[in-house]
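Examining the three-dimensional arrangement
Single-letter residue listing:
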Amino acid sequence: MDRFVYLTFDGLSRGAVYAAFALALVLIWRAARIVNFAQGAMAVAAVYVGYSVTEKTGSYWLGFAASLVFGLLLGIAVEKAVMRFVDHSSPLNGVVVALGLVLIVQGVLGILYGNEYRPVETPFRRDAFEVGGVALLSRYDVFVFAAVGAVVVALTVLFTRTPVGLRMRAAAFAPDVSRLLGVPVGGMLTLGWALAAAVGSLAGMLVVPTELGLHPTAMDVVFVSAFTAAVVGGLDSPIGAVTGGLIVGLLLSYVSGYLGATVAPMAVLLLLVVVLLGRPGGLFSSSKARLA
Amino acid sequence: MKRTTAVFLAVLLFAAACDSGSGGGNTSSASVPGVTDTEVVVGTHMPLTGPAAAGYSKIAPATKAYFDFVNAGGGINGRKITYKIKDDGYNPATTQQVVRELVLQDKVFAILNGLGTPTHSGVLDFLKTNRVPDLFVASGSRSWNQPDKYPGTFGFNPDYTVEGKVLGTYVKENLAGKKACFLGQGDDFGKDSLAGIEKTLGPIADKQTYVTSNPNVGPQMGALKAAGCQVVLLATIPGFTALSIGTAAKIGFKPQFVVSNVGADPATVSKALGPAAALLEGVVAANYLPLTTDDASPWIQLFKKVNAQYNGGAEFDNNIVYGMAVAYLFVQSLQAAGKDLTRDGIIAAVQKNGFQGPGLVPLRFSDKDHSGYGGTQLTKIEGGKAVFFGQAYSTDDGDSPVQPYTGQAVTPPQNGIPAA
Amino acid sequence: MTGVLQKSPTRSGQTLARRRRRVPPLVPIILGALLVLALTYVLPPFRNYQLATVGAYFTVTAGLTVLTGLNGQLSLGHGALMATGAYTFALAQNRWLSMPLSVLAAILTTTLAGVVIGLAAARLRGPYLAGLTLAVAVVVPSVTSTFDETFNSDMGLSVALDPPPGVVPMEQWQAWLCWAGALVTAFLLATLVRGRFGRDLRAVRDDETAARLAGVHVARTQVIAFVVSAACAGLAGVLFAFLAQSVSPGAFPLTLSLFLVMAIVIGGLGRLVGALLGAVLLVALPALAQTASERSGSQHLEGNLALVIFGVVLVVVMLAAPGGLASIHTNFRRKR
C-alpha cells in the first residue's frame, strides 16, 4: 500500500507537467489545426533563456519570467515569420516545417550552449514531506501543481469568459465567417501561438530541473509523452489534455514501479490502442472532433 | 520522362557529394592506406550532437589536441597524425555511414577509439572485412575481446565485468553485513556490471533497471528504499547517477552509493546535480586513469599543459584525461610499430604490449587477449573531489580472483612524447 | 479542411494520369536499373554504399508516399515497421542462412504487423493516427530490452551473410541488391496505383463520404494501403540489416520515422519520383551538411551546424515549393 501511494504521487507530479505541455499542443491545434512538433524545441529554447537570465542576475524568478516572455515572443515569431507562409493545402506541410524548426532550434542551441547537460535551479526544495514513512510531495511538486492549476484556470476563464477568448474560438472554428464579422483572424492565430508557446515554456521550466538537466534535446521525451497525453484526452479538449497528462504520468509510474522501466513504453502504446479503439477522437472528444 | 530526369538529378547530387567529399585524405602512391612519408590518417566516430553527446563530445577533441602536440614536436617517424572526427549522434545507422566514409573514402589507416557499444558493434564485421585496425574502442563491453573472430579489434576501458568484480569485492570487504542492491542501465552495461558484482559479492538483494528514454528513476529508488537497501551499486551513465542520487535524497533515502567509472566523473555528476552536489560526498567509485584534481601527478600536469595549448583550455574533466590517455597509447603503438608502418605491423605491436603510460593498472593486450585495462582502483569523494584510496586491483572477466596490483606507476618522458 | 486539401493533389493527379498513359511503368524501371548498374561500375566504393542506401530508403519512402500521399494516412511509425523487418531478417538469417527465405519471412512478419496497425489505423484520423503510430515508433527499444534473450537489448544482433558472389566487391553487391529491391517495389507500386485500387485510394483521401457513396469500401482500402506500405517498410528493413550487417534499436529511432515523412513531403507527396528524390536527400543532405560544417573548422559547430543547415533547407523548400521538389519541374513545364 505504501508503495502504491508513493507511486501515485510520483506519477501525479510527473503527469502535471505532461498535462501542461499537452495543453500547449491543444491550444495550437484548436487555433491552427497543426500539431506543433516544434513545441518541445521551442520550450527548450525558452528554458535556456530563463537559465541565462538566472545565471546573470542570480534570481530564479527573473529567469522564470524571462522564459515565459521569450516563449510568448518566440511563438509570435514562429507564427508570423514561418507558419503563416506554410501552404496548408496538405496538413503535412505544417508538420514538416515544424520538424525543420526543431532541427534549427536544437542546432542553434547546441552551437550557443554546447551539448552538455546543465543543471537548472528549482525555486523550492525538492525533498519530499514524509507521511508515515512514505515520501509524498516536495515543496517543488506543490509549486508544479499550483502553476499548472493556475494555467488551467486562466485558460478556462480566457476562453469562456472574455471577448478575446470568444474571438479566438470563433476564428479557429469558422475563420471565414469570423473575418466577415470583423474578427482579426490572423491576429487571433498569432495570439494562439503566443499563448501556446508560453504555456510550453512554463512546462519546460517545470520539468527540466527534475530530469537530466538542460540540453537541446531535453524536451524530446516529454514531447512524446505529452503528445500521447493530448491524443488520449482528445486534441480538442483542454480538460482532456489535463486528464490525459495525469493518466500517462500515473501509468508510467505504476508500470516502472511494478513491472520495470523497460516495459513502460509498451504500456503507453497499449493505453493508446485501448482508448483510441474505444473512442477514436480521444476520451473527451465530441463526435465533431473525430472528423477533424 | 520524369523518372529519368529525377535519376539524373540524383546522379548530379552524387557527383556534387563526390566533389566535396574527396578533398582530404588522398594518399599518393603509398601502398598502406592512410600512410605517407609525412602523414598518418586515423579516424573515429563519436556522438557530437544529441543526448549522448554530453561529456563524450569532449573526448575526441582532447585526443586530437594531444596529436597536435605530438605533431608540433615533429610527429612520429616523420609522420604527422591527422585525426578525422565524425559525428554519429550515437545512432548505429549513422555509425555505419561515417565509418564507411572514413575507410572507403578518406582511406584512414585505422579507426581509433570509436565510441559506444551499440554503435561500434555494428561496424566490427565491416572493419574486419576491410582489414582495418580497430584500436582502443571507447566502451567497456566484452565484445571487443574476441581475437579469433575480430583480430584487429582492441578495447581500452576495463570491461564492466572486471569493474563490477572490483566494486563487489569492496562492498564485501568493507560494507559486510549491509544489504546491497543494484540499479543498472537496461542493456549490456548494466548486465555485465551486475554479473561482475555478483561474482564477488554473491546474489544481490534487490535489482532495478532504468532506460535512458525515461528520465525518471522515482519508482526504482522508491523500490530500493522500500526494500531497506543500505548499499546501492550504480551501473549508470553520469546523468542517471546524478538523477539517482538526487531522487534518493528527495525521498529521504541515504544509502552508501558505489558507482561504476562510466557514471562517476565528479565534475560531470556534480554539474548535473547543481546546488545539490554536496550529496556526492562519500560516494565510492572506481577509476583506472589519473584523477583530474591530482595536480601532483606528472600525467595531469602534462595533459593540462596540452589542454591549455592545443585544446583551447577546455574544462579539464575525466573525458579530457581519457581522450589524451587514448592518444598517448596510440602514439606508443605507432612508435612500437616502427618506421615501416603497416596495418599488420601496428596490430602486432599492440599485441606485443609492454606499454607503460598513465594507467594505474596494466593493459591486458596479448595475442590471446584484446581487452583493455585489467583492473581499477577505488575512489571516494571527499570535499567535492575524488581521491584514490586503498590500492589498485586487477582481475579478468572470468573467475580469476581480484588481486591487489603492486606495480609502480611510471612518469611521462621529459618532452611528453613517448619514445620508440 | 478536406475542401482545402483537394486542390493541389488533383492537379498533380491529372498530370500523373496523363503521363501514365504514355509511358508504361516498366520502361522507366528498366532504364533506372540500367543506370544504377552502370553507376555501380564507375562509382568508388563509398559512393556505391551511399547509392545502396538510397535504394533502401527509396523502398520505404515509395510505400509511405502511397499511404500518406495517395491515401492520406499519416504514419510516424514506419521506422518501427522497418525494425520489424530487420529483426525478423536477422533472426531468420542467423538460424537458416538462406537469403530468399529470410526476406520472405521478414516481409510476411511486417505485413502481419501492418495488418494489425492498419486495422486500428482505419478507425483513426489525422493527429490521432499520428499519435498511435508515434507510440509504435518509440516502442522498439522497449521491446528489444524486455525480450532481450531474443533481441539482445540495445546491442542488437549481428546478421550472418553469405559473401558476395565471385569477385564482386561488397559495396557493388549491396547496391545491386538494394536497387533490385527498390525497383521491384517501385514497379509493383506503380502497377498497383495506376489501376482501380489507385483510384480508390485517392477517392478515400479526397472525400470519404463521396467514396463510400461511389461504392468504395473505405476501411478495406485504408487497411490494404497500410499493409502494402508496411510490406515495403519490411523489405526496406531487410535492406538496412543487409547493408549494416547488424540490427539494433538505435538504428530505428523516432527520428528515422520522422525523417521518412519529411523526405516524402519534400520530394513531392504522392509520387514515386518524389519518394526517390526524398530518398536521395536523406542520404545526400546530411553528408553535405557535415562536409560544410567540417570545412568551417570549429568544434562547437561540428554536427550542430549540420542540423541547422538541414533544418533551414527543409523549411525553405517547404515554403518555396510546397508541392515538394518534384513539383518544381512540373510548374516549370506548365509555365512553358
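What you see is a predicted model; the values in this text were computed from it and never measured.

A word on the overall build of chain A. Each helix and strand in chain A was counted, giving 12 helices and two strands. Listing the helices and strands of chain A from first to last along the sequence gives α-α-α-α-β-β-α-α-α-α-α-α-α-α. Expected size for 292 residues packed as a compact globule is a radius of gyration near 19 Å; at 19 Å, chain A falls within 12% of this value. Along the first, second and third principal axes, the C-alpha atoms of chain A reach 65 × 50 × 35 Å. By residue count, 61% of the 292 residues in chain A fall in the buried class. Within chain A, contacts between residues separated by at least 24 positions form 71% of all contacts whose residues are at least 6 apart in sequence.

To continue, consider the packing of helix 3 (residues 60–81) of chain A against helix 8 (residues 185–207) of chain A. Residue and element names in this part refer to chain A. Relative to each other, helix 3 and helix 8 sit at 140°, their axes nearing to 7 Å. Regarding helix 3 and helix 8, the two cross each other, and that crossing is right-handed. Residues F64, S67, L68, G71, L72, L74, G75, I76, V78, E79 and K80 of helix 3 touch helix 8, and the partners they reach there are L189, T190, W193, A194, A196, A197, A198, G200, S201, L202 and M205. Taken together, the residues of the contact of helix 3 with helix 8 sort by class into 14 nonpolar, six polar and two charged.

Attention now goes to the confidence of the model for chain C. All names here are of chain C. Of the residues in chain C, 88% reach a pLDDT of 70 or more, and the chain-wide mean stands at 86. Of the regions scoring below 50 in pLDDT, residues 1–20 engages in 21 contacts with residues more than four places distant in sequence or in other chains. Model confidence for the complex is summarised by a pTM of 0.88, with the ipTM given as 0.87.

Here the focus is the interface of chain C and chain A. Facing the 46 residues of chain C at the interface are 48 residues of chain A. Of all elements in the fold, only helix 1 (2–22), helix 6 (126–137), helix 7 (140–146), helix 13 (254–267) and helix 15 (304–320) of chain C reach the threshold of two or more residues within the side of chain C that touches chain A. Of all the elements, helix 15 of chain C adds the most residues to the side of chain C that touches chain A, at 11 residues.

Residues and elements named next belong to chain A. Its 19 residues give helix 2 (residues 39–57) an end-to-end C-alpha distance of 27 Å, which sits within 8% of 27 Å, the value for a rise of 1.5 Å per residue. With 15 of 19 residues buried, helix 2 is to be regarded as a mostly interior element. Of the residues one or two after helix 2, G58 is the one with positive phi, at around 80°.

Core analysis: the largest hydrophobic core is formed by 373 residues, its most contacted members being A20 and L23 of chain A. Per-element tally for this core: the top contributor is helix 1 (residues 2–32) of chain A, with 20 residues. Each of domain 1 (27–158 + 295–373) and domain 2 (160–287) of chain B accounts for three or more of the residues forming this core. Excluding residues within four positions of it along the chain, A20 of chain A makes contact with V148, V151, V199, L202, A203 and L206 of chain A.

Quick look at the interface of chain A and chain B now. Facing 32 residues of chain A, the contacting portion of chain B comprises 31 residues. No other element matches the six residues that helix 1 of chain A contributes to the side of chain A that touches chain B. Across the side of chain A that touches chain B, the residue classes tally to 11 nonpolar, 11 polar and 10 charged.

The next subject is the sheet that holds strand 3 (residues 110–112) of chain B. Residues and elements named next belong to chain B. Strand order in this open sheet of five strands is 2-1-3-4-5, and the pairing throughout is parallel. Only two strands of the sheet have a single neighbouring strand rather than two, namely strand 2 (80–87) and strand 5 (153–155). For this sheet, the mean angle separating the axes of adjacent strands, direction not counted, is 20°. For strand 4 (residues 134–137) and strand 5, the ladder comprises two bridges, and the chain directions are parallel. Within the sheet, the bridge partner assigned to D134 lies in strand 5 and is T153.

Here we come to the environment of Q174 of chain C. Residues and elements named next belong to chain C. With respect to the helices and strands, Q174 occurs in helix 9 (residues 170–194). Residue Q174 is classed as buried on the basis of its 25 C-beta neighbours within 10 Å. If sequence neighbours within four positions are ignored, Q174 has contacts with Y49, A52 and L243.

The next thing to look at is the UniProt feature "transmembrane region" (unreviewed entry) in chain A. Residues and elements named next belong to chain A. In the UniProt entry, the feature "transmembrane region" (unreviewed entry) is given for residues 12–29, 34–53, 59–78, 90–113, 142–159, 180–208 and 263–284. End C-alpha to end C-alpha, residues 12–29 measures 25 Å, and it is 100% helix and 0% strand. Taken end to end, residues 142–159 comprises 100% helix and 0% strand; its first and last C-alpha atoms sit 26 Å apart.

Here the focus is unusual backbone geometry. Positive phi values are uncommon outside glycine, yet R33 of chain A reaches one of about 55°. Following the sequence through the fold, R33 of chain A ends up in the loop between helix 1 and helix 2. The exposure class assigned to R33 of chain A is partly exposed, which follows from the 16 C-beta atoms found within 10 Å. Although it is not a glycine, N77 of chain B sits at a positive phi angle of roughly 50°. Along the chain, N77 of chain B falls in the loop between helix 2 (59–72) and strand 2.

Before going further, it helps to examine the environment of S142 of chain C. Residues and elements named next belong to chain C. Position of S142 among the secondary structure elements: in helix 7. Take S142: there are 23 C-beta atoms within 10 Å of it, and that puts it in the buried class. Spatially, the C-alpha atom of S142 lies 28 Å from that of N304, the residues being 162 residues apart in sequence.

Attention shifts here to the pairing of strand 6 (residues 180–185) of chain B. Residue and element names in this part refer to chain B. Burial of strand 6 is extensive: six of the six residues sit out of reach of the surface. Burial along strand 6 is two-sided: A180, F182 and G184 facing one way and C181, L183 and Q185 facing the other are all buried. Relative to strand 8 (residues 231–235), strand 6 runs parallel, the two being bridged by five bridges. By the bridge assignment for strand 8, G184 is matched with A235. Of the pairings in the sheet, the one linking strand 6 to strand 7 (residues 206–210) comprises five bridges and is parallel in character. Counted as the bridge partner of F182 is K207 from strand 7. Regarding the hand of the β-α-β motif, the stretch spanning strand 6, helix 7 (residues 188–201) and strand 7 is right-handed.

Thresholds applied
- Residues numbered from 1 in each chain as written.
- Chains lettered and ligands numbered in written order.
- Predicted model: local features only at pLDDT ≥ 70, side-chain atom pairs only at ≥ 80, totals over all residues.
- Helix = DSSP H or I, 4+ residues; strand = E, 2+ residues; numbered from the N terminus.
- Rg over C-alpha atoms; globule rule 2.2 N^0.38 Å.
- Buried ≥ 20, exposed ≤ 12 C-beta atoms within 10 Å, placed from the backbone.
- Contact = placed C-beta atoms within 7 Å.
- Axes fitted to C-alpha atoms, helices over the stretch in contact; angles between N-to-C directions.
- Left-handed = near helix turned anticlockwise from the far one by under 90°.
- Nonpolar A, V, L, I, M, F, W, Y, C, P; charged D, E, K, R; others polar.
- pLDDT = per-residue confidence, 0-100.
- Expected span 1.5 Å × (residues − 1).
- Core = buried A, V, L, I, M, F, W, Y, C linked by C-beta atoms within 7 Å.
- Domains from an automatic or database assignment.
- Pairing = 2+ DSSP bridges.
- UniProt positions renumbered as here; feature names shortened; annotations may be inferred.
- Right-handed = clockwise from strand over helix to strand, strands pointing away.

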